[in-house]
Amino acid sequence: MKPQPVPLKILDVISILLFLAALAMVFLYAPLELTMNYVQKIFYFHIANAWVGMLGFITAAVAGIIYLVRHDPDWDIIELAAVEISLVFFLIAILSGSIWARPSWGTYWTWEPRLTTAAILEMIYIAYLLLRQGIDDPDRRARFSAVYTLIGSISVPITFLSIRLFRTIHPVIIGANSNTSQGSFDMSPRMLVTMFFTLGTFSVIFVTLFCHRIRLGRLARLVEQRKLEELR
Amino acid sequence: MKSAAVSSRPPARDTLSKPNASFLKSIGAIVWKDLAAELRSRELLTAMLVFALLVILIFNFALDLDSTTRKAATPGILWATFTFAGTLGLNRSMALEKDRGCLDGLLLVPVDRSAIYFGKMISNMVFMLIVEAVVLPVYSVLYNTNLFNPGLIGVILLGSFGYVAVGTLLSSMAVQTRTRDVMLPILLFPVVIPILIAAVNASSGFLQGLPSSEIMPYINLLIVYDVIFTAFAYMVFDYVVEE
C-alpha cells in the first residue's frame, strides 16, 4: 500500500492547528452574548457544520452531473465522498442546533423549514447509501447513485421552499433580520470575525476529509477490482 | 454493453425526425399493453384498492375520527392513503416487467427509451387515478363528507402526476437492486415530500373553502414540481435502463 502523500499530511496538520485556533477564538476572543451567554458559543460550530454540509451537498450534485456526462468512475468516488461528509456534518449541525434550541426556544425540535429540510436531506442520504449497498455491479451502482443524487439535489430546495410557505422561527443571522424569529441576536465585529474564521477552518477540514475519503474510495475500488480478478 | 445501447439509438432518431407520430404510438402501445395485461389479471388494481381501503380503516381506528377531527384530518388521510397504495402499484408494475424479462424486450425495441418511461408513467397514472376514483366516494360515504369538489380533484390530478413521474423513475431503479421490495418507499418518500406538503395544504384549502389567494402558492408549487421532475426523468431515464 502506498503511504499517505506528503501534501495530505501537511493538510492534516494545518486542519488540526486551525481547529485549535478556532476553539481558542470562540472561547477566548469572541465576547459573551448578553442574553444567551455561553449557549451562544455553539452557534459558531453549528453554522460551520451546516456550511460544510452544504458544501458536500453541492459537490455531490456537481459530481453526479459530471459522472452522468463522462462515465468516469472517479467522479462516482468523489460523489460518494461528498455525500458521506455532508451526511455526518449535517447530523452534527442538527444535533448542535437542538442543543442550542433547548435553552433558547424551549424545545429540542420544531418542524421549522431549515430543521425539517436538514432532516429530510439526512433521510435522502441514508436512502442513497442503502441504494448503493443494494447494487453489486459497480457501473450500475454509479449510474443509479448519480441519478438519485440529482433527484435529491432538485427536491431538497423545493422541499425547503414548500415548508417555508409556513411561518418560520429559525433566526436569520446574516442578511435580513426578521422580527418573528426567536433567539436572533446582533453580532459584534469580534463575533463576526470569529464566525468567518470558524467557517474558513471548517472549509479546510472539509477539504482534508474529502481528500482522505477520495483516497480511501480509490483504494476500495482497487480492492474490489482485485477481488473480481481473483474470482475469474 | 454501452455500444449496444448506442447502436439502438439511430433508428429512434430517424423515426423521431418525422413529426413524433411514432413516438406517441409507441407510448400508446406500452400503455395499452399494461392496461390489457391488467384487465386480464386484475392483480395490481385489486391489491392497490384493497390496500387503500385497509389504510383508511386503520386511520379510522388510529385517529378515532369523530366529526371535528375528521375535518382537519381528511386531506392528510387521503394523501397518506394515495401515497402508500401508489407505492404498491409502482413496485408491482415494474417488478412484472423485470421478472418476466419484458423490460429487456422493451429495451430492444428501436424507439427512444423515454417512450418506455412515458408509457409506464401513463399506465401507472391510470392505475393511481382508478384507485383514487374508488377511494374518494367510499371515503365520502363512510365519513359523511362531500369530497366532490372540482378544486380537490384538480389537486389530486396534479399531485398524482408528480408522484407518478418520480415514482416511475425510482421504481425502475428499485427493481434492479437486491433489496427491491423495500427499496422503493425508502427512495421515494423523502423526495416526494414537497408534493405531500403542497397537496395536503391545497386539498384542505379547497375543502375548507379558503380564498384562492391562499391556495394558489401550493398549486403553483405542484405545477413546478411536476414540470421539473417530468423533464428530469425524461433526461435521465436512459441512464437507469442502460445495460
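Look up: the structure comes first, before these words.
Cut-offs used in this document
- Residue positions are given per chain, counted from 1 along the sequence in the order it is written.
- For naming, the first written chain is A and the first written ligand is 1, with later ones following in the order written.
- Totals for whole chains, interfaces and linings use every residue, but because this is a predicted model, local features are given only for residues with pLDDT of at least 70 and side-chain atom pairs only at 80 or more, for both listing and counting.
- Heavy atoms from the whole structure form the basis of all side-chain values; hydrogens and water molecules are not counted.
- Strands are runs of DSSP state E lasting at least two residues, helices are runs of H or I lasting at least four, and both sets are numbered from the N terminus onward.
- In this scheme, a residue with accessible area under 20% of its type's maximum is buried, one over 50% is exposed, and one in between is partly exposed, where area comes from a 1.4 Å probe on protein chains only.
- The contact rule is simple, with two residues in contact once any of their heavy atoms fall within 4.5 Å.
- Surface exposure here means Shrake-Rupley accessible area, sampled with a 1.4 Å probe, where a residue is shielded only by the protein chains that are shown.
- Between the two quantities, the radius of gyration covers C-alpha atoms and the globule rule is 2.2 Å times the number of residues to the power 0.38.
- Charged residues are defined narrowly, with Lys and Arg counted positive, Asp and Glu counted negative, and His plus the chain ends left uncounted.
- By convention, charge coordinates are those of NZ in Lys, CZ in Arg, CG in Asp, or CD in Glu.
- Here an axis means a line fitted to C-alpha atoms, over the contact stretch when the element is a helix, while the angle between two N-to-C directions is reported on a 0 to 180 degree scale.
- Angle categories are assigned with fixed cut-offs, so that under 35 degrees is roughly parallel, over 145 is roughly antiparallel, 65 to 115 is roughly perpendicular, and the rest are oblique.
- Put simply, a crossing is left-handed when the front helix is turned counterclockwise from the back one by less than a right angle, and right-handed when it is turned clockwise.
- Any residue that is not Ala, Val, Leu, Ile, Met, Phe, Trp, Tyr, Cys, Pro, Asp, Glu, Lys or Arg is counted as polar, Gly included; the first ten are nonpolar and the last four charged.
- Buried area is understood as the total, over both parts, of accessible area removed when two parts are fitted together, assessed with a 1.4 Å probe.
- Put simply, a salt bridge is a Lys or Arg side-chain nitrogen that is within 4 Å of an Asp or Glu carboxyl oxygen.
- Polar contact is defined as a pair of N or O atoms within 3.5 Å, subject to the rule that within protein one atom must be able to donate a hydrogen and the other to accept it, and that residues adjacent in sequence are counted only when both atoms are side-chain atoms.
- Helix span, expected: 1.5 Å multiplied by one less than the number of residues in the helix.
- Side-chain atoms within 4.5 Å are what join buried Ala, Val, Leu, Ile, Met, Phe, Trp, Tyr and Cys residues into a set we call a nonpolar core.
- In this analysis, rings of Phe, Tyr and Trp, with Trp reduced to its six-membered ring, are considered paired at centre separations within 6.5 Å, and the interplanar angle assigns stacked below 30 degrees, edge-to-face beyond 60, and tilted for intermediate values.
- We count a charge as sitting over a ring when the NZ of a lysine or the CZ of an arginine lies within 6 Å of the ring centre and within 35 degrees of the ring normal.

*Asks:* Talk me through the overall build of chain A; I want residue IDs and the actual numbers.
*Replies:* Per the secondary structure count, chain A includes six helices and zero strands. Listing the helices and strands of chain A from first to last along the sequence gives α-α-α-α-α-α. Scored against the burial criterion, the 232 residues of chain A give a buried share of 47%. For chain A, the proportion of contacts with a sequence separation of at least 24, taken over those separated by at least 6, is 77%. Counting every atom, chain A has about 11,800 Å² of accessible surface; 70% of that belongs to carbon and sulfur.

*Asks:* Explain the overall build of chain B to me, and be specific about the residues and the numbers.
*Replies:* Along the backbone of chain B there are 11 helices and zero strands. Traced from its N-terminal end to its C-terminal end, chain B shows the element sequence α-α-α-α-α-α-α-α-α-α-α. On C-alpha atoms alone, chain B measures out to a radius of gyration of 19 Å, which is about the 18 Å that the 2.2 N^0.38 rule sets for 243 residues. The C-alpha extent of chain B, read off along each of the three principal axes, is 60 × 35 × 30 Å. In chain B, which comprises 243 residues, the share counted as buried stands at 50%. Expressed as a percentage of contacts within chain B between residues at least 6 apart in sequence, the contacts between residues at least 24 apart total 82%. Carbon and sulfur atoms make up 69% of the accessible area of chain B, which amounts to about 11,000 Å² in all. Across chain B, 17 positive and 17 negative side-chain charges occur, with their mean positions spaced 6 Å apart.

*Asks:* Before we move on, can you summarise the packing of helix α5 (residues 138-164) of chain A against helix α10 (residues 193-207) of chain B with the specific residues and values?
*Replies:* α10(B) packs onto α5(A) with a crossing angle of 25° between their chain directions and a minimal axis gap of 8 Å. The angle between α5(A) and α10(B) places the two elements in the roughly parallel class. The two elements α5(A) and α10(B) cross, and the hand of that crossing is left-handed. When α5(A) is examined against α10(B), the residues A:Ser155, A:Ile158, A:Thr159, A:Ser162 and A:Ile163 are found in contact with a partner set consisting of B:Ile193, B:Pro194 and B:Ile197. A per-class count over the contact of α5(A) with α10(B) returns five nonpolar, three polar and no charged.

*Asks:* Got a sec to walk through the packing of helix α4 (residues 113-133) of chain A against helix α9 (residues 180-191) of chain B? Specific residues and values, please.
*Replies:* Following both chains from N to C, one finds α4(A) and α9(B) inclined at 150°, their axes separated by 9 Å at the closest point. In terms of axis orientation, α4(A) runs roughly antiparallel to α9(B). Crossing angle aside, the handedness with which α4(A) passes α9(B) is left-handed. Counted together, A:Ile120, A:Met123, A:Ile124, A:Ala127, A:Leu130 and A:Leu131 of α4(A) and B:Met183, B:Ile186, B:Leu187, B:Pro190 and B:Val191 of α9(B) form the full contact between these two elements. Residues that form the contact of α4(A) with α9(B) fall into these classes: 11 nonpolar, no polar and no charged.

*Asks:* Quick one: what's the story with the interface of chain B and chain A, residue by residue and with numbers?
*Replies:* At the junction of the two partners, chain B supplies 29 residues and chain A supplies 28 residues. For chain B, the biggest contributors to the area lost against chain A are B:Met173, B:Arg178 and B:Tyr239; these three give 20% of the whole. The tally of links between chain B and chain A comes to one salt bridge. Across the chain B-chain A interface, the total number found is seven residue pairs in polar contact (both at pLDDT 80 or more). For the side of chain B that touches chain A, the secondary structure elements donating two or more residues are α8 (150-174), α9, α10 and α11 (212-241) of chain B. The element that contributes the greatest number of residues to the side of chain B that touches chain A is α11(B), accounting for 10 residues.

*Asks:* Report on the pattern of salt bridges, specifying residues and quantitative values.
*Replies:* Applying the stated criterion across every chain, the model contains 13 salt bridges over all chains. Among the ionic pairs, A:Arg221 bridges to A:Asp74, the shortest N-O distance being 3.3 Å. Taken together, the residues A:Arg221 in helix α6 (residues 189-231) and A:Asp74 in helix α3 (residues 73-105) connect sequence positions 147 residues apart. Classification of A:Arg221 by relative accessible area gives partly exposed; the value is 24%. A salt bridge links B:Asp34 to B:Lys33; its shortest N-O distance comes to 2.6 Å. On the accessibility criterion, B:Lys33 (29% relative accessible area) is partly exposed. Salt bridges sharing common partners tie together B:Lys33, B:Asp34, B:Glu97 and B:Lys120.

*Asks:* If you had to explain α8(B) to someone new, which residues and values would you point to?
*Replies:* In this model α8(B) runs 35 Å from its N-terminal to its C-terminal C-alpha over 25 residues, within 8% of the 36 Å that 1.5 Å per residue would give. Of all 25 residues in α8(B), 19 are buried; the element is thus mostly enclosed.

*Asks:* Can you break down the side chain of A:Asp12 residue by residue, with the values?
*Replies:* All names here are of chain A. Mapping aspartate 12 onto the fold places it in helix α1 (residues 6-29). An unpaired buried charge is present at aspartate 12: no salt bridge exists, and lysine 9, the closest side chain of opposite charge, is 8.2 Å distant. Excluding residues that lie within four positions of it along the chain, aspartate 12 makes contacts with Gln4, Thr208 and His212.

*Asks:* Summarise the side chain of B:Thr81; cite the residues concerned and give the values.
*Replies:* Along the polypeptide, B:Thr81 turns up in helix α5 (residues 67-99). Dropping the residues within four chain positions of it, B:Thr81 is found in contact with B:Ala52, B:Val55, B:Ile56 and B:Phe59.

*Asks:* Outline the nonpolar core, supporting the account with residue identities and numerical values.
*Replies:* Membership of the largest hydrophobic core comes to 119 residues, with the highest contact counts inside it found for A:Val147, A:Tyr148, B:Leu169 and B:Leu170. Once residues within four sequence positions are removed from consideration, B:Leu169 is found in contact with A:Val147, A:Ile151, B:Tyr117, B:Phe232, B:Ala233, B:Val236, B:Phe237 and B:Val240.

*Asks:* So, the packing of aromatic side chains: which residues are in play, and what are the values?
*Replies:* By the definition in use, this model includes 16 aromatic pairs over all chains. Where B:Tyr139 meets B:Tyr143, the ring centres are 4.7 Å apart and the plane angle is 45°; that geometry is what we call tilted. With a gap of four residues between them, B:Tyr139 and B:Tyr143 both fall in helix α7 (residues 113-143), about one helical turn apart. Look at B:Tyr139 and you get buried, because its relative accessible area is 0%. On the accessibility criterion, B:Tyr143 (7% relative accessible area) is buried. Chaining the aromatic ring pairs together yields one cluster made of A:Phe19, A:Phe45, A:Phe89 and A:Phe202. Across the ring face of A:Tyr29, the terminal group of A:Arg190 is positioned such that the distance to the ring centre comes to 4.6 Å.

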